[in-house]
Amino acid sequence: MSKEKVLITGGTGQLGIDISEVLKGQQYDVYAFSREELDISNNSQVIEKLNKIKPDIVIHSAAYTKVDLAEENQDDAYLINAIGTRNVAVAADKIKAKLVYISTDYVFDGEKQGKYNEFDIPNPKNVYGRTKLAGENIVRDFHSEYFIVRTSWLYGENGSNFVKTMLLLAEKGVQIKVVNDQLGSPTYTIDVADKISELIKTQLYGIYHVTNSGSCTWYEFANKIFEYAQKKVNVEPVSSMEYTQIAKRPQNSVLDHMGLRLNNFPTMRNWENALIEFLLTKR
Ligand SMILES: NC(=O)c1ccc[n+]([C@@H]2O[C@H](COP(=O)([O-])OP(=O)(O)OC[C@H]3O[C@@H](n4cnc5c(N)ncnc54)[C@H](OP(=O)(O)O)[C@@H]3O)[C@@H](O)[C@H]2O)c1
C-alpha cells in the first residue's frame, strides 16, 4: 500500500518542524514547506503546490504569530492568518485532502471562571486572536473534513519560546520579572504533534483543544523551569498592569479537552511531566 502524503505549511516553525518529525517516523510521505517554498498568501502558488503534490492531509501550521506586532500590522496579520488560510482551505477542499488548522487559546477573552471547552463562544481580545478566529471561521466555511486544533503556550526544541528565553536569562544572571495573573497551560510541541497524528487517522472532524493538562501562571511556569533545570534564579512576580505589553492577553486561557474526551482519544499528559521530559532531552 502506498504511503499517505502529508503537506505541512509553516514547516520551518517550532510546531511545524516537530509535526514533520513525528509523522516522518510514522510512514507518511511528508512535504514540509518553508515560507519561501510555499507562501500561503500567494493563492496561485498554493493551488499549484497542492495540485502537484495531491496530499491526503494538509496540516496548516503557518501563521503570523507575533502577537504584539499584529496590533500595528493588522493587514499583514489578516493577510496571512485569514486570507492565507482561505487559500489553503479552498485548495485542500478541492483535492479532497483532510485539513488540520492550528489555532489558539487567544480566541477566548479569558473572562470565564474555569476552563474553556470547544463549545464556548470565542471573543478574542487582541488582533492576533481575531485573525486566528477569522481563520477558524474560514476553515468551517470552505472545507468540510477539518480538524481545528487549538493549542497554547507552546515550547519545544525549535524556534524561540518562553522556556528557552527563561533559560537564556538565567545564564545572564539577571533579575527576571514574570507576569503572575495570566493563567494557561504550557504545552510541549511534541505532545501536540503526537495528538495530531492520532486525529488525522480518524474521520472524527471538528474542534479540539490540544494542550498539556493542568495550568499555571507564567510566573509559576518560570519557577518550574528553573526548578527542573536546577538553576538558581530570582524571579519576581508582577501583574499584567505592571508588565505592559502592546496586545492585551486573556487572564484565563485554560482549555478543557472535551473534544478529546467525548471522542475517546487518550488524555493529554500534565504540563509538568512534559516540561521535565523536554528539559531532560534538550540538547
Ligand atoms: N507559539 C505559541 O505559543 C502558539 C500558541 C497557540 C497557537 N499557536 C499556533 O500554532 C501554529 C504554529 O506556531 P509556531 O509557534 O510554530 O510559530 P512559528 O515558529 O512562528 O512558525 C510559524 C511559521 O509560519 C511561517 N509563515 C509565516 N508567514 C507565512 C506565509 N505567508 N506563508 C507560509 N509560511 C508562513 C513562518 O515562516 P517564517 O519564519 O519564514 O516567517 C514559520 O515557519 C500557528 O498557527 C500559531 O498561530 C502557537
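Small disclaimer: the values here were computed from a predicted structure and weren't measured. (Residues numbered from 1 in each chain as written. Predicted model: local features only at pLDDT ≥ 70, side-chain atom pairs only at ≥ 80, totals over all residues. Heavy atoms only, no water.)

1. Section: the overall build of the protein
At step 1: In terms of helices and strands, the protein carries ten helices and twelve strands.
At step 2: For the protein, the C-alpha radius of gyration of 18 Å lies close to 19 Å, the compact-globule estimate for 283 residues.
At step 3: Counting only residues that meet the buried cut, the protein has 53% of its 283 residues in that class.
At step 4: Across the protein, 33 positive and 36 negative side-chain charges occur, with their mean positions spaced 3 Å apart. (Helix = DSSP H or I, 4+ residues; strand = E, 2+ residues; numbered from the N terminus. Rg over C-alpha atoms; globule rule 2.2 N^0.38 Å. Buried < 20%, exposed > 50% of the residue type's maximum accessible area, 1.4 Å probe, protein only. Lys, Arg positive; Asp, Glu negative; His and termini not counted. Charge placed at Lys NZ, Arg CZ, Asp CG, Glu CD.)

2. Re the sheet that holds strand β10 (residues 206-209)
At step 1: One open sheet accounts for six strands, arranged β2-β1-β3-β4-β5-β10; its pairing is parallel. Edge strands, defined here as strands with exactly one partner in the open sheet, are β2 (29-32) and β10. Averaged over all neighbouring strand pairs, the angle between strand axes comes to 20 degrees, with direction disregarded.
At step 2: Of the strand pairs in this sheet, strand β1 (residues 5-9) and β2 are connected by four bridges, and their pairing is parallel. Following the sheet pairing, Val6 is matched in β2 by Val30.
At step 3: Contacts from helix α5 (residues 127-142) reach β4 (98-104), β5 (146-151) and β10 within the one sheet, and its direction differs from that of β4 by about 160 degrees. (Pairing = 2+ DSSP bridges. Axes fitted to C-alpha atoms, helices over the stretch in contact; angles between N-to-C directions. Contact = heavy atoms within 4.5 Å.)

3. Digging into the pattern of salt bridges
At step 1: Considering all chains together, one arrives at eleven salt bridges under this definition.
At step 2: Between Asp120 and Lys112 there is a salt bridge; the shortest N-O distance is 2.7 Å.
At step 3: With a relative accessible area of 28%, Lys112 lands in the partly exposed category.
At step 4: Glu198 is the partner of Lys195 in a salt bridge, and the nearest nitrogen-oxygen pair spans 3.1 Å. (Salt bridge = Lys/Arg side-chain N within 4 Å of Asp/Glu carboxyl O.)

4. Brief notes about helix α8 (residues 218-228)
At step 1: When we look at burial in α8, the residues that qualify are Trp218, Tyr219, Phe221, Ala222, Ile225 and Phe226. All buried residues of α8 fall inside an arc of 160 degrees around its axis, so they share one side.
At step 2: Packed against the buried residues of α8 are β6 (154-155), α6 (162-172), β7 (176-179), β11 (216-217), β12 (235-238) and α10 (271-281).
At step 3: Of the residues flanking the end of α8, it is Gln230, one or two places downstream, whose phi is positive at about 55 degrees. (Arc of directions from axis to C-beta.)

5. A closer look at the site of the ligand
At step 1: For the ligand, the set of nearby residues contains 23 residues, the closest of which are Leu15, Asp39, Thr65, Tyr128 and Lys132.
At step 2: Separating an oxygen atom of the ligand from a side-chain N or O atom of Thr12 is a distance of 3.2 Å.
At step 3: Leu15 is positioned with one of its backbone polar atoms (N or O) 2.9 Å from an oxygen atom of the ligand.
At step 4: Broken down by secondary-structure element, the contributors of at least two residues to the shell around the ligand are α1 (14-24), β4 and α5. (Near = heavy atom within 4 Å. Polar contact = N/O pair within 3.5 Å; in protein donor to acceptor, adjacent residues only side chain to side chain.)

6. A short note on helix α2 (residues 43-53)
At step 1: Buried within α2 we find Val46, Leu50 and Ile53. Down the axis of α2, the buried side of the element spans an arc of 75 degrees, and every buried residue falls inside it. In α2, the exposed positions that point more than 90 degrees away from the buried face belong to Ser44, Glu48 and Lys52.
At step 2: Packing partners of the buried residues in α2 comprise β1, β2, β3 (57-60) and α4 (74-94).

7. Focus: the nonpolar core
At step 1: With 53 residues, the main nonpolar core has Val163, Val178 and Phe221 as its most contacted residues.
At step 2: Setting aside chain neighbours within four positions, we find Phe221 in contact with Trp153, Tyr155, Phe162, Val163, Pro186, Cys216, Trp271 and Leu275.
At step 3: Core analysis: the second largest hydrophobic core is formed by 24 residues, Leu15, Ile57, Val192 and Ile200 among them. (Core = buried A, V, L, I, M, F, W, Y, C linked by side-chain atoms within 4.5 Å.)

8. Observations regarding the environment of Ala82
At step 1: Position of Ala82 relative to the elements: it lies in helix α4.
At step 2: Its relative accessible area of 5% is what places Ala82 among the buried residues.
At step 3: Ala82 has contacts with Ala77, Thr131, Ala134 and Ile138, leaving out every residue within four places of it along the chain.

9. As for the side chain of Asp18
At step 1: The residue Asp18 is located in helix α1 in this model.
At step 2: With residues near it in sequence (within four places) discarded, Asp18 still touches Glu157, Asn158, Thr189, Ile190 and Ala193.

10. Overview of unusual backbone geometry
Leaving glycine aside, a negative phi is the common case for residues, and trans is the common case for peptide bonds.
At step 1: Unlike most non-glycine residues, Trp153 shows phi in positive territory, near 40 degrees.
At step 2: Examined against the element boundaries, Trp153 turns out to sit in the loop between β5 and β6.
At step 3: With a phi angle near 55 degrees, Gln230 is a residue other than glycine that sits in the positive phi range.
At step 4: Tracing the backbone shows Gln230 in the loop between α8 and β12.
At step 5: Taking relative accessible area as the criterion, Gln230 reaches 74% and is therefore assigned exposed.

By themselves, these figures tell us nothing about what the structure is for.
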